[in-house]
Amino acid sequence: MSSHDHTDGKLPHEPEKATLEARNKILGFWIFLGAETVLFGTLFAAYLALRHNIGDGPSSEELFQLPMVFAATMLLLTSSLTSVFAVQALHHHNKKSMLGWLIVTIVLGLVFLGLEIYEFREYLHEGHGFTTSAFSSSFYTLVGFHGAHVAFGVVWIALVIGQVLKKGLTVVTAPKVYISAIYWHFIDVVWVFIFTVVYLMGKVAV
Amino acid sequence: MDWLTTVDHKKIGILYLIAGLFFFLIGGLEAILIRVQLMKPMNDVVSSDTFNELITMHGTTMIFLAAMPLLFALMNAVIPLQIGARDVAFPFLNSLGFWTFFFGGLLLNLSWFAGTVPDAGWTSYVPLAGPNYSSGHGVDYYVIGLQIAGIGTLLGGINFMATIINMRAPGLSFMRLPMFTWAIFITSALIVFAFPALTVGLVALMFDRLFQANFFEVGNGGSGVLWEHIFWVFGHPEVYILIVPAFGIISEVVSTFSRKRLFGYSSMVFATVLIAFLGFMVWAHHMFTTGLGPVANGLFSIATMLIAVPTGVKIFNWLFTLWGGSIKFTTANLFAIGFIPTFVMGGVTGVMLASAPADYQYHDTYFVVAHFHYVIVGGLIFGIFAGMHYWWPKMFGRMLNETIGKITFWTFFIGFHLTFFIQHFLGLLGMPRRVYTYLGGQGYDDMNLISTIGAFFMGIGTIAFLLNIFITWAKPRNAAADAWEDGRSLEWTIPSPPPEYNFKQVPLVRGYDAWWKEKMEGKTAMTPSEPVGSIHMPSPSILPLIMSIGLFIAGFGFMYDRLIIGGIGLAITLGCMVVRSLIDDHGFHIEPEDQDEGVKA
Ligand code: HEM
Ligand SMILES: [Cu+2]
């Protein structure tokens, strides 16, 4: 069950699932995402419970600027697509194109983070600080948690790229690429919910 | 040194056992102090502040640092063996989980030395736990200590789910799994879906306390009821995280020592799944008096009572397993049999509490204290004692002394009922919980004295158990592989204690109660499913320890507003992750010719 099974130097079609270790990792990671779902679910619940309690601070309608958030959303969705391309390249054992797409993914993630930082700074100027109100605390916690996940994902994929450069595309590194891509999709899905629940609902004030 | 770097599930199990017993002693000492204070009216052994600290630390310690680690000890020691695996799915994470739990617990308990101890109850209700009412660092220790320990628990849950799904021996289908493995599988799922809610709650409370956020600050739009919801969405499943493994242990012990197949195996499985599922639907029965309104109270009340149905199924199945069996009254079995009526009583008072109007009467009285101790001491702790006596020879290769075992059982069992039975009546008379003293002449005096005497009996039982361990230590390692001779599952097919790699050849499972089935067909060993070959093992690592120390340092830093120290701590932990990611770790192989030497614990 170890990597010596493939001494002929040829990778199997789905190298990310070739060993028991790898299958364990993928399964364990899905379970971990189950836990992450509860984590974000609780954060969403807290936000929904508190979002109208704005105290003396600005409300979500005054604050949010949909065009910019929409741009951020598009960036992140695109990055999900590029990570799919990376996994496809993995399946074709095309290391170079895989690394390329991973780098594009990282860059898109970084731009997204930049936009988010810019957005938070704007809000701060408008008097929407972390301690302003229950709404602001829960907003920054939810969105900030997501942002931290994006940042973590960027570092993670960068480390994975480092490993592939060092060791090549093997049954050891392939699952890492695959799992970091699943993680990236997960972050993306969470963002879609944030876009809907926080920004769209916040703008139309239901 | 190899204990600090080990990734072997059996050694990690032993580490959990030692740490769990250690915290059990601390929690027990706190309990005794509480009971001494309540022994007579207007007593002043401890001050009111100390009393609040004692009950908070007692509850928190017992649940997070004693009961759960002892369960983790048993699952680490047993699960891979029961499913015919060489280790868990993620040995490295297993070790990391232990060390984060340990350092989280350490942080929590250092509060005693810092002189500022958590005192808002184990439920840490706001606003009491908020920055205004608990201005010292006490609750910070609770929030950060539990957060770090919680990481370990979550890692354990993920690990055991993956292990049980992916690492079963050939032929061991889900409907052939031993009941303890089933219980741990379901428990792990509960952990995975319940603990993240606690994580968020603790983060929010921490933000409120350290960074002036407003989640629970009513003055700034926050909500105290939100904390109650978040806490109990985690907290109710938590009690099932505690009790479901005990169900599993009882099933194993009862069927082994009745020399009978577990009665109603598939109904046991479905009952357990159903209990776990309903466990997520009933959290607001802790909030009947919060004022959620009649509709919510009604629904949560009914949902709670529903749980009695699958629980009843389990009780009857245990009784039918015992029925007509050739029963051996070993210490393990005594604890298991003692569990049954005790747990039934806890269940009955649970149904009483589930009736919302009645709960207005019982709420925050000693009736509640009696109820949950019947469930968690009479249920879970009896289960843990049963499991420890049952698997001790497997873990250490030595049989515990049965005479001392029986002394342990009887003192603990009698002491338990003395302590808690009478508290039902104290509660019905109106004695409130979490109050440090009471006036004489209200009919509370004698009953409180009896309760305290009972607590001392339990203390004697625990000491007897520790003595048993020390006496056993001096004895030779001569336990047989099938130490009780009536073993039914795979762990009894390999030597006691098992070699590093557990199974020289992974066995082929041909039915439920795999080992029993082979024995009944006159076989003396399992049929192997693979030829003898080189065995791949993960290598030990010091990183989990360092990562946990990093978190520990970070916790202190943030608590005392030294953000630099906090940052250094986090950097240590993240740095270890980077190291782990960049350095290759291929593990090592044990070749067939080396496989017969070196049977170590
Ligand atoms: C073994 C002997 C034990 C004794 C004598 C004992 C005694 C007590 C007492 C007197 C209280 C205070 C009740 C109050 O004033 O509200 C208490 C609270 C509590 N105990 Fe125990 N206990 C024992 C074991 C355990 C165990 C094993 C657990 C859990 C696994 C546990 C969990 C709790 C919890 C959660 C609380 C509530 C704490 C709070 O109100 O914050 N106890 N116990
Ligand atoms: Cu409950």
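Residues numbered from 1 in each chain as written. Chains lettered and ligands numbered in written order. Predicted model: local features only at pLDDT ≥ 70, side-chain atom pairs only at ≥ 80, totals over all residues. Heavy atoms only, no water.

1. Remarks on the environment of Thr78(A)
Our working definition: Helix and strand labels come from DSSP, where a helix needs a run of H or I of at least four residues and a strand needs a run of E of at least two; each type is numbered from the N terminus.
The residue Thr78(A) is located in helix H3 (residues 66–91) in this model. Residues Thr78(A) and Leu165(A), 87 residues apart in the sequence, show an inter-C-alpha distance of 24 Å.

2. Comments concerning the coordination of the copper ion (ligand 2)
All names here are of chain B. Here is the rule we go by: A donor here means an N, O or S atom no more than 2.8 Å from the metal, or no more than 3.2 Å when the metal is Na, K or Ca. Since water is not included, a site may seem to lack partners. Categorising residues by exposure relies on relative accessible area from a 1.4 Å probe, with only protein chains included: less than 20% of the type maximum marks a residue as buried, more than 50% marks it as exposed, and the intermediate range marks it as partly exposed.
Taken together, the protein ligands of the copper ion (ligand 2) are His-236 (ND1), His-285 (NE2) and His-286 (NE2), with distances of 1.6 to 2.0 Å. Donor residues for the copper ion (ligand 2), ordered by position in the chain, follow H-x48-H-H. Taken as a pair, His-236 in helix H7 (residues 224–258) and His-285 in the loop between helix H8 (265–279) and helix H9 (294–306) lie far apart in primary sequence, 49 residues in all. When sorted by exposure, His-236 lands in the same class as His-285, which is buried.

3. Quick notes on the UniProt feature "transmembrane region" (unreviewed entry) in chain A
Residues and elements named next belong to chain A. The test is simple: UniProt positions are given in the numbering used here, feature names are shortened, and annotations may be inferred rather than shown by experiment.
The UniProt record annotates "transmembrane region" (unreviewed entry) at residues 27–48, 68–87, 99–118, 138–165 and 177–201. The annotated region residues 27–48 carries 100% helix and 0% strand content, and the separation between its end C-alpha atoms amounts to 31 Å. End C-alpha to end C-alpha, residues 99–118 measures 29 Å, and it is 100% helix and 0% strand.

4. Focus on the packing of helix H11 (residues 331–354) of chain B against helix H13 (residues 366–396) of chain B
All names here are of chain B. Using the following cut-off: An axis is simply a line fitted to the C-alpha atoms; with a helix, the fit covers only the stretch in contact. Between two such axes, the angle follows the N-to-C directions and lies from 0 to 180 degrees. What sets the label is the angle itself: under 35 degrees gives roughly parallel, over 145 gives roughly antiparallel, 65 to 115 gives roughly perpendicular, and the rest give oblique. Left-handed describes a crossing whose near helix is turned anticlockwise from the far helix by less than a right angle; the clockwise case is right-handed. Think of it as three bins: nonpolar holds Ala, Val, Leu, Ile, Met, Phe, Trp, Tyr, Cys and Pro, charged holds Asp, Glu, Lys and Arg, and polar takes everything else, Gly as well.
In the contact formed by H11 and H13, the axes pass within 8 Å of each other and the chain directions differ by 160 degrees. Here H11 is positioned roughly antiparallel relative to H13, judged by the angle of their axes. Crossing hand, H11 versus H13: left-handed. Looking at the contact of H11 with H13, its residues break down into 16 nonpolar, ten polar and no charged.

5. Some remarks on the coordination of the iron atom of ligand 1
All names here are of chain B. For clarity, the threshold we go by: By the criteria applied here, four donors are tetrahedral when all angles lie between 85 and 135 degrees, four are square planar and six octahedral when opposite donors are over 155 degrees apart and every other angle lies between 65 and 115, and any other arrangement is irregular.
Looking at the iron atom of ligand 1, the protein donor atoms are His-58 (NE2) and His-373 (NE2), and they sit 2.0 Å from it. Viewed at the metal, the six donor atoms of the iron atom of ligand 1 are separated by angles of 88 to 179 degrees, and the geometry they form is octahedral. Of this pair, His-58 sits in helix H3 (residues 48–82) while His-373 sits in helix H13, and the two are 315 residues apart along the sequence. The same class applies to His-58 as to His-373, namely buried.

6. Topic: the interface of chain A and chain B
To be explicit about the condition: By definition in these notes, contact holds between two residues if any of their heavy atoms fall within 4.5 Å. Once two parts are joined, some of their accessible surface, as seen by a 1.4 Å probe, is lost; buried area is that loss totalled over both. N or O atoms within 3.5 Å of each other form a polar contact, as long as, within protein, one can give a hydrogen and the other can take it, and as long as residues adjacent in sequence are counted only when both atoms are side-chain atoms.
On the side of chain B, 35 residues touch chain A, which itself brings 34 residues to the contact. Overall, the association of chain A and chain B removes approximately 2,800 Å² of surface from exposure, summing both partners, and the carbon and sulfur fraction of that is 73%. If you sort the residues of chain A by the area they bury against chain B, Asn24(A), Ile31(A) and Leu159(A) come out on top, with a joint share of 18%. For the pair chain A and chain B, the interface holds eight residue pairs in polar contact (both at pLDDT 80 or more). Elements supplying a minimum of two residues to the side of chain A that touches chain B: helix H1 (20–50) and helix H5 (134–167) of chain A. The element that contributes the greatest number of residues to the side of chain A that touches chain B is H1(A), accounting for 18 residues. Split by residue class, the side of chain A that touches chain B holds 16 nonpolar, 13 polar and five charged.

7. So, the UniProt feature "domain: Heme-copper oxidase subunit III family profile" (unreviewed entry) in chain A
When the UniProt feature table is mapped onto this chain, "domain: Heme-copper oxidase subunit III family profile" (unreviewed entry) is found at residues 27–203 of chain A. The distance separating the terminal C-alpha atoms of residues 27–203 of chain A is 39 Å; by composition the span is 85% helix and 0% strand.

8. Thoughts on H3(B)
Residues and elements named next belong to chain B. Threshold: Residue count minus one, scaled by 1.5 Å, sets the expected span of a helix. The angle between axes fitted to the seven residues ending at a residue and the seven residues starting there is what we call the bend at that residue.
The terminal C-alpha atoms of H3 lie 48 Å apart, and with 35 residues this matches the ideal 51 Å at 1.5 Å per residue to within 8%. The sharpest bend along H3 comes to roughly 40 degrees, located at Met-62. Counting buried positions along H3 gives 31 out of 35 residues, so the element sits mostly inside the fold. Positioned one or two residues after H3, Gly-84 has a phi angle of 70 degrees, which is positive.

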